[in-house]
Amino acid sequence: MKFPRILFFWCPYSILATILSLLACTVMAEEIKIGGTGNALGTMRLLGNAFNKENPSIHVTVLSSIGSSGAIKAVPKGAIDIGLASRKLSAEELATGVVAIEYARTPTVLAVSTKSKITAITRKQIADLYIGKLTKWPDGSLIRPVLRQPGDENTKQIKTLSSAIEQALIAAEQRSGLAFAVTDQEAADKIETIPGAIGVTSLALIKSENRRLRPLKLDAIEPTVKNGSSGNYVPVKPFFFITQPNPSATVKQFIAFVNSSAGREILTQTGHWIP
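Asks: Just to check I follow, could you spell out unusual backbone geometry for this structure?
Replies: Most peptide bonds take the trans configuration, and most residues that are not glycine carry a negative phi. At the junction of Val234 and Pro235, the peptide bond is cis and its omega measures out at 10 degrees in the coordinates. When you line up the elements, Pro235 lands in the loop between helix H10 (225-230) and strand S11 (236-243). In this structure, Asn210 takes a positive phi of about 50 degrees despite not being glycine. With respect to the helices, strands and loops of the structure, Asn210 is situated in the loop between helix H9 (203-208) and strand S9 (213-215). We note that Asp219 has phi near 50 degrees; this positive angle belongs to a residue other than glycine.

Asks: Hey, could you run me through the environment of Arg123 in this one?
Replies: Mapped onto the elements, Arg123 comes out in helix H5 (residues 123-131). Remark: the alpha-carbon pair of Arg123 and Ile158, spanning 35 residues in sequence, is separated by 9.6 Å. Residues within four places of Arg123 in sequence aside, it is in contact with Leu161, Ile165, Leu218, Asp219 and Val234. A distance of 3.2 Å separates a polar side-chain atom of Arg123 from the backbone oxygen of Leu161.

Asks: Would you explain the pairing of strand S4 (residues 99-113) in this entry?
Replies: Successive side chains on a regular strand alternate, one facing one side of the sheet and the next facing the other. As paired strands, S4 and S11 are joined by 8 bridges and run antiparallel to one another. Residue pairing in the sheet places Val99 in a bridge with Thr243 of S11. Both S4 and strand S8 (residues 197-202) contribute to a ladder of 5 bridges, which runs antiparallel. Looking at S8, one finds that Ala111 is bridged to Gly199.

Asks: What am I meant to see in the side chain of Thr250 here?
Replies: Among the secondary structure elements, Thr250 is positioned in helix H11 (residues 249-258). We classify Thr250 as buried; its relative accessible area is 9%. Residues contacting Thr250, with those up to four places away along its chain left out, are Glu30, Ile32 and Ile58.

Asks: It is not clear to me how the pattern of salt bridges should be interpreted in this structure. Could you clarify?
Replies: Should the charged atoms of two oppositely charged side chains come close, the side chains can pair. With the rule as written, the count across this model stands at 14 salt bridges. For Asp128, the salt bridge identified is with Lys124, shortest N-O distance 2.8 Å. Note that Asp128 and Lys124 are positioned in helix H5 at a spacing of 4 residues, about one turn of the helix. On the basis of relative accessibility, which here comes to 54%, the residue Lys124 falls in the exposed class. Salt bridges sharing partners connect three or more residues here, namely Asp189, Glu192, Glu209, Arg211 and Arg212.

How each quantity is defined
- For every chain, the first residue of the written sequence is number 1, and numbering continues from 1 along that sequence.
- The predicted nature of this model means local features are confined to residues of pLDDT at least 70 and side-chain atom pairs, given and counted, to a pLDDT of 80 or more, with totals for whole chains, interfaces and linings taken over all residues.
- Side-chain figures throughout are based on the complete set of non-hydrogen atoms in the structure, without hydrogens or water.
- By definition, any uninterrupted DSSP run of H or I lasting at least four residues is a helix, any uninterrupted run of E lasting at least two residues is a strand, and each is numbered from the N terminus.
- The contact criterion used throughout is that any non-hydrogen atoms of two residues lie within 4.5 Å.
- We define a polar contact as two N or O atoms separated by no more than 3.5 Å, with the added condition that, inside protein, one atom must be a possible hydrogen donor and the other a possible acceptor, whereas residues neighbouring each other in sequence contribute only through side-chain atom pairs.
- Here, strands pair whenever DSSP counts at least two bridges between them.
- The cut-offs for exposure are 20% and 50% of the maximum accessible area for each residue type, with area from a 1.4 Å probe on protein chains only; residues under the lower value are buried, those over the upper are exposed, and the others partly exposed.
- The salt bridge criterion pairs a side-chain nitrogen of Lys or Arg with a carboxyl oxygen of Asp or Glu, the two atoms within 4 Å.

Spelled out as C-alpha cells, the structure:
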C-alpha cells in the first residue's frame, strides 16, 4: 500500500515575519485622491510619484480630468482629498467651506504640432483665424482651430487678449466643421494629430506630459517661465489646491512636499513658477 507523499517546506521565521510585515503595510497603506483641471494633472502625477518614493506607505492617486468646477464640487463631498483648480473660486464656492491655496502659475499658450513650422502668432492673426478670415498657414496648409466649450478657462483667458478675439471666438462657436475638445487632454491630442491644428493649452501640460506641441510666441513674446513671472507674457494660468478646512495629516504632508525644494524643482522643470 502506497501512502501519498507529503512535502514539507521550511520557512525561516525572519522570512515569514518579513512577508507578514509587507502584507500589513499593504493593507494599512493610506491613499490621497487628487483630481481637477487637466492642465495640472501631468505635473501632479510626477509630484505624486516622487512623494510615493519618499513615503511608500502613502499612495497618491491622480484621477482623469474632472475640471476645476468638478474638483471644487468634489472636495466638500469627500469624493477627492485634494482638488486642482486653474481659476479663483467664487464667493459661492468658498461658502461651501473649502480652502483654496495657490501653489504655482504657468503660461497659457496657443500651440501647434511640432511638425508645424509655425513659431509665432499675433493677436490680430488669432482673431482672424477664429472668425474664418485667415484660413491658411504660410505654407498653404489649412488652419484648423480646436475649440473648447464657451465656459472653459482656457477660452476665457484667450478672450481677454482683445475685444476682437473675444468676438471672433463667439463667432467661431457658431461655425460648423471645427474640431471640438471637451477636456484639456483631448484638446492636446487633437492639436497634436490634426494637420494644421492650433488650440489653447498650457506650458505646464506640454512639458509635464511630454507633448509634441510647440507653444507659440504671442506678439513676439515667448511664453517662458521668465517672461510669465515678470509680466512680459500674458495670459497666465494660476493653479490652486482645493481642500477641506481641516485636511488630513497625509494631505498636509503632500502639500508640504510640493512646497519643498524637491517639489519646487519638479514644478520648475514642468513650466511653473511659484507666486
